[in-house]
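Notes for the structure review
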Amino acid sequence: MVKSITANPQGQFSVEDYAVFTIMLGISTAIGVYFGFFQKKKNQTTEEYLLGGRKMKTFPIAISLIASQLSGVSIMSVPAEMYSYGAQYWIIAPTMILITMIINYIFVPVFYNNHITNCYQYLEDRFSPAVKKFVTFTYVLNIYLILPIFIFIPALAFSQVSGINIHLINGIVCGVCIFYTMLGGIKAVVWTDVVQGLIMFVSCFLVVAIGVAKIGGLSEVLERAAAGNRLEIFDMTLDATTRQTFWTASVGNLFLWTGYLGLSQSCVQRIVSVPSMSHARAALWIFCAGFIVIMTLNCFTGIVIFAKYFDCDPIKVGLVQKADKLLPFFVQDVVGNLKGMPGVFISCVFSAGLSTMSANLNSLAGLIYEDYIRPFKLFKHTDASANTTMKVLILVSGVYCIAMGLIVEQFGHILQMVVTIASVTQGAVMGIFCLGMLWPWANKHGALWGSASSVIVMSWIIAGAQIAISNKEISYPPKPTSVDGCYEYGYNVTANDFPTLEAPQDEAEFSIYNISFVWYSTVGTFMVFLVGIPVSYFTGSQDLRNFRPKLISPLVHWLLPEEVLQNDFSLKAENEKLNPEPIKEWTFTAHEEEKYKERLGVIEQTL
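Residues numbered from 1 in each chain as written. Predicted model: local features only at pLDDT ≥ 70, side-chain atom pairs only at ≥ 80, totals over all residues. Heavy atoms only, no water.

The next thing to look at is the overall build of the chain. In terms of regular secondary structure, the chain is built from 20 helices and 0 strands. Put simply, the chain has 607 residues, and 58% of those count as buried. Within the chain, residue pairs in contact and separated by at least 24 positions form 87% of the contacts whose partners lie at least 6 positions apart. Total accessible area computed for the chain in this model is approximately 24,500 Å², and 65% of it derives from carbon and sulfur atoms. (Helix = DSSP H or I, 4+ residues; strand = E, 2+ residues; numbered from the N terminus. Buried < 20%, exposed > 50% of the residue type's maximum accessible area, 1.4 Å probe, protein only. Contact = heavy atoms within 4.5 Å. Areas by Shrake-Rupley, 256 points an atom, 1.4 Å probe, with all protein chains shown as cover.)

Structure (structure tokens):
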């Protein structure tokens, strides 16, 4: 009798699995109902809706950051990356320590010193309204391009294990997310993230633990992975065209993730919703620790999957269409006989997708309202009208994400696609904030031309690379997998049936299109400096005698004239007492003045 490659070949959800999944969606909906109706009085102001009154707790904010940054793309695609290309990507986990230090000691002090709640408001204060509008537009465009992917991937997993139409489940779950985000605002987003983050950790841990046990223990997993060349994490190759090396995984991801975590409105909005800068820094360090644990677990999941199918690749024998669907197949295989466990895992993937989607929908609504609707004065502004408008924006954005699933379905390797799309603007955003905070002489002309040049150049490089990929001039063949043991499962295949794929080699000529997609954000960041600094110099550098020191990072205050620093220090207390600087965004009504004075006292004590 021929044995099966999977212990659970039917690949369908049980009643228990549907029950677990329904409970998860029910909890998320209940949180939205609670904050939307039972705490309605507290959500009347726009600041409460978007910032939780700046009284959010440190630990929930940290868990919310973890849950929203580790999207369904990470849960599904990182194990696929490990399976296909090895463990090199894991370097991003320890790199997060350096990323957190950069955010905590360069960006966070500037945001708190200037009472910033909309991070792009900083660009108007530092440079000009035109710079802010340009970067805000690139952020909104980027999020609308990438958000449908974040929510579609969980639907992909659900379809793999249940057989339900992928677009039907995508629409249902998006609807739940839209509902609780509209009703509850930032508080509902954060507390659903907490629940979903716990589900993510528990389910990932259980799947890995059971998988290791079924394979024969940790030593057997590592032995098989080493034999398949999946444990190399210190590939020190300096070739920029190599897909993943130590340098791409560390330096490349340093620029990508610093901009994504520290300079995107969805993250900054939560970072500044805690009472003080010390709370914000604590939340980021908790996030860092949680990220390392979850990312390590996520990466190891891919190694375990490879060890499970080390002698018979499910992709080659047609059981799985592509690597991004391996994880749900593996889950159904190793824990499918445990009633409810596949449901827990699918809840994990959907939790990751929902947390990312809800955080971005909430921040997008506030940003679009403030920058693109309120200035036109189409109607009388009140907190009630602002909140209603933002809820409509959330609804429209959610429907757009559902419709875009038809296009996302056609994508190839998801992780590569997400990084590529994000990199069109991520380098420009990272570069312009660093230019403003670290180079006091930069002016509005340098900022605008630098960021615009970065977006144009990166669009050109990425478009050229995508054309080359479609023409098969660029490819990233995965590491070899084996089918030697497939005959035991009834598959009459051999290695000769699958020709070895090799990346195109052209040693005679280097092309910028051939650089690894992980370097895109790094190149985009440096483009801002390469253009912004010379343009600032030739158009008249910023006059430091009339400069506000708190607009740049405290780490580079030594670059400013001593008299500027002394004047700012001596006049700060008096000026702020007589003419308190208003909150930059989302404090619209006069009755919040007393709240702000209280908050200002907390901020001054922190500084």
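Let us look at a nonpolar patch on the surface. There is a patch of nonpolar side chains on the surface, built from I97, L98, M101, Y105, W285 and L555 and spanning about 540 Å² of accessible area. Sorting elements by how many residues they give to the nonpolar patch places helix α5 (residues 92-113) first, with 4 residues. Following the sequence through the fold, L555 ends up in the loop between α18 (520-538) and α19 (562-578). (Patch = residues over 30% accessible without salt bridge, like charges linked within 9 Å, V, L, I, M, F, W, Y side chains within 5 Å. Salt bridge = Lys/Arg side-chain N within 4 Å of Asp/Glu carboxyl O.)

Another point: empty space enclosed by the protein. Under the criterion given, the structure shown has 4 cavities of 30 Å³ or more. Its boundaries defined by the atoms lining it, the second largest cavity holds a volume of some 50 Å³. Surrounding the second largest cavity, 12 residues form its lining, A465, I469, Y476, F517 and Y520 being those nearest its centre. For the lining of the second largest cavity, the secondary structure elements donating two or more residues are α16 (414-438) and α17 (444-470). Sorting elements by how many residues they give to the lining of the second largest cavity places α17 first, with 3 residues. Its residues placed into classes, the lining of the second largest cavity shows 8 nonpolar, 4 polar and no charged. (1 Å grid on protein atoms, 1.4 Å probe; cavity = no way out; pocket = protein on both sides within 12 Å on 5 of 7 lines; lining within 4 Å. Points joined across faces, edges and corners; volume = space filled by probe spheres on them. Nonpolar A, V, L, I, M, F, W, Y, C, P; charged D, E, K, R; others polar.)

Of note in this structure, N229 is not a glycine but carries a positive phi near 60 degrees. If you trace the backbone, N229 turns up in the loop between α9 (218-227) and α10 (246-262). With a relative accessible area of 41%, N229 lands in the partly exposed category.

Two measures describe an aromatic ring pair: the distance that separates the ring centres and the angle between the ring planes. A full pass over the atoms with the stated rule returns 16 aromatic pairs. For the ring pair F287 and F291, a centre distance of 5.7 Å and an interplane angle of 40 degrees mean the geometry is tilted. Of this pair, F287 and F291 both sit in helix α12 (residues 277-308), separated by 4 residues, roughly a single helical turn. Side by side, F287 and F291 carry an identical accessibility label, which is buried. Put simply, the rings of F111, Y120, Y122, Y139 and F433 pair up and form one aromatic cluster. Cation over ring: R243 sits above Y85, and NZ or CZ is 3.8 Å from the ring centre. (Phe/Tyr/Trp six-rings, centres within 6.5 Å; stacked < 30°, edge-to-face > 60°. Lys NZ or Arg CZ within 6 Å of the ring centre and 35° of its normal.)

Attention now goes to α9. Of all the residues in α9, the buried ones are V221, R224 and A225. Around the axis of α9, the buried residues are gathered within 100 degrees of arc, so they sit on the same side. Exposed positions of α9 whose direction lies more than 90 degrees from the buried face are S219, E223 and A227. Downstream of α9 by one or two residues, N229 has phi in the positive range, about 60 degrees. (Arc of directions from axis to C-beta.)

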